[in-house]
Amino acid sequence: MPFFPQFSNLFVAPYIPPAPISPINPNEILNLALWLKSDVGVSYDENNLVTLWEDQSGNGLDASPPSEEHRPEYIEDFINGNPAIYFDGTDYLTFSYTSGSEYTFFNVVKFISGNRVISSVNTNVLIGSYDGFSDVVYGGGAWVYQGTSTSTDWKLNALTKTSGNLSSFYQNSILLGSASQSSVLDTVAIGGDPNWENGNGTAECYHAEIVIYDRVLTENELAGISLYFNNKYAIY
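Cut-offs applied
Residues numbered from 1 in each chain as written. Predicted model: local features only at pLDDT ≥ 70, side-chain atom pairs only at ≥ 80, totals over all residues. Heavy atoms only, no water. Helix = DSSP H or I, 4+ residues; strand = E, 2+ residues; numbered from the N terminus. Buried < 20%, exposed > 50% of the residue type's maximum accessible area, 1.4 Å probe, protein only. Contact = heavy atoms within 4.5 Å. Areas by Shrake-Rupley, 256 points an atom, 1.4 Å probe, with all protein chains shown as cover. Expected span 1.5 Å × (residues − 1). Core = buried A, V, L, I, M, F, W, Y, C linked by side-chain atoms within 4.5 Å. Pairing = 2+ DSSP bridges.

Draft legend 1. Structural detail: the overall build of the protein chain. Each helix and strand in the protein chain was counted, giving 1 helix and 16 strands. For the C-alpha atoms alone, the extent of the protein chain along its principal axes is close to 95 × 35 × 35 Å. Looking at the protein chain as a whole, 49% of its 236 residues are labelled buried. Contacts in the protein chain between residues at least 24 apart in sequence constitute 63% of all its contacts with a sequence separation of at least 6. Total accessible area computed for the protein chain in this model is approximately 11000 Å², and 50% of it derives from carbon and sulfur atoms.

Draft legend 2. Looking closely at helix 1 (residues 219-233). Taking 1.5 Å per residue, 15 residues should reach 21 Å; helix 1 reaches 21 Å between its end C-alpha atoms and fits that length. When helix 1 is considered as a whole, its buried residues turn out to be E221, L222, G224, I225, S226, Y228, F229, N230, K232 and Y233. Phi turns positive, to about 50 degrees, at A234, one or two residues after helix 1.

Draft legend 3. Just the environment of V117, in detail. With respect to the secondary-structure elements, V117 resides in the loop between strand 7 (103-114) and strand 8 (118-120). With 87 residues separating them in the primary sequence, V117 and E204 have C-alpha atoms 7.7 Å apart.

Draft legend 4. Just the nonpolar core, in detail. With 33 residues, the main nonpolar core has F95, F105 and I190 as its most contacted residues. If sequence neighbours within four positions are ignored, F95 has contacts with L34, L36, L61, D62, A63, T187, V188, I190 and I212. Ranked by size, the runner-up nonpolar core spans 24 residues in total, among them L156, A158, A208 and V211.

Draft legend 5. Seen up close, the environment of A63. With respect to the secondary-structure elements, A63 resides in the loop between strand 3 (50-53) and strand 4 (73-79). For the pair formed by A63 and G114, sequence separation is 51 residues and the distance between their alpha carbons is 21 Å. Setting aside residues no more than four positions away along its own chain, A63 makes contact with L36, L52, W53, L93, T94, F95 and I190.

Draft legend 6. The pairing of strand 13 (residues 166-171), seen in detail. Pairing between strand 12 (residues 154-161) and strand 13: 5 bridges, direction antiparallel. From the neighbouring strand, A158 faces strand 13, where its bridge partner is Y170. If you look at the hairpin formed by strand 12 and strand 13, you'll find 4 residues sitting between the two strands, and N165 has a positive phi there, around 65 degrees.

Draft legend 7. Examining unusual backbone geometry more closely. Despite not being glycine, N31 has its phi angle at roughly 70 degrees, a positive value. Inspection of the secondary structure assignment puts N31 in the segment before strand 1 (32-37). With a relative accessible area of 41%, N31 lands in the partly exposed category. Located in the positive-phi region is D77, a residue other than glycine, with phi close to 45 degrees. Checked against the element boundaries, D77 lands in strand 4.

What follows is the structure, encoded as structure tokens:
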């Protein structure tokens, strides 16, 4: 006679779906180092030329042009009802930030042409674009990711760097590539830096927001803040 086990006392746990990811504002995450957003803290003159972009993190890492001829233009209602800052290929702003052993970097940016939309002034690190391509990161000694996209759509770029020097590049919440690179940031130039590429290290581009944390965010934090950006700017 075949034996049929009895399951009357077997407990089967109900399926509990994972909690949905909710948007997280940048100041709701620990170790916020810098927060530049185009809808708050931008000072400009009667010609809409930016004189100061104030850091909203409370750390005082304001971005400013090196001289009057390098001031970008403030443009109202440019991306999903939010303003943006236009860099014509000669403009750039800098802020004094030096990365530690790890960090997470976010940037809402629209590349048009040229080289670097984000560049480290004192180390050869670039984030987002190079030589006409809009999906690249160079970590100071080698490529973290070298894409071939020439898209001029708005992008959410993110770079994480661990204490073990693993740099990972995300675009629109998709991991594009990782590499063992230190990717040290030492004074950051928005719009690029003419001191690289034989004087051609800048780019024509638009910037809407930049956020930096002094640590690598968790997967849920990365997803939550990416959702914040996408809800605000409707990028993807």
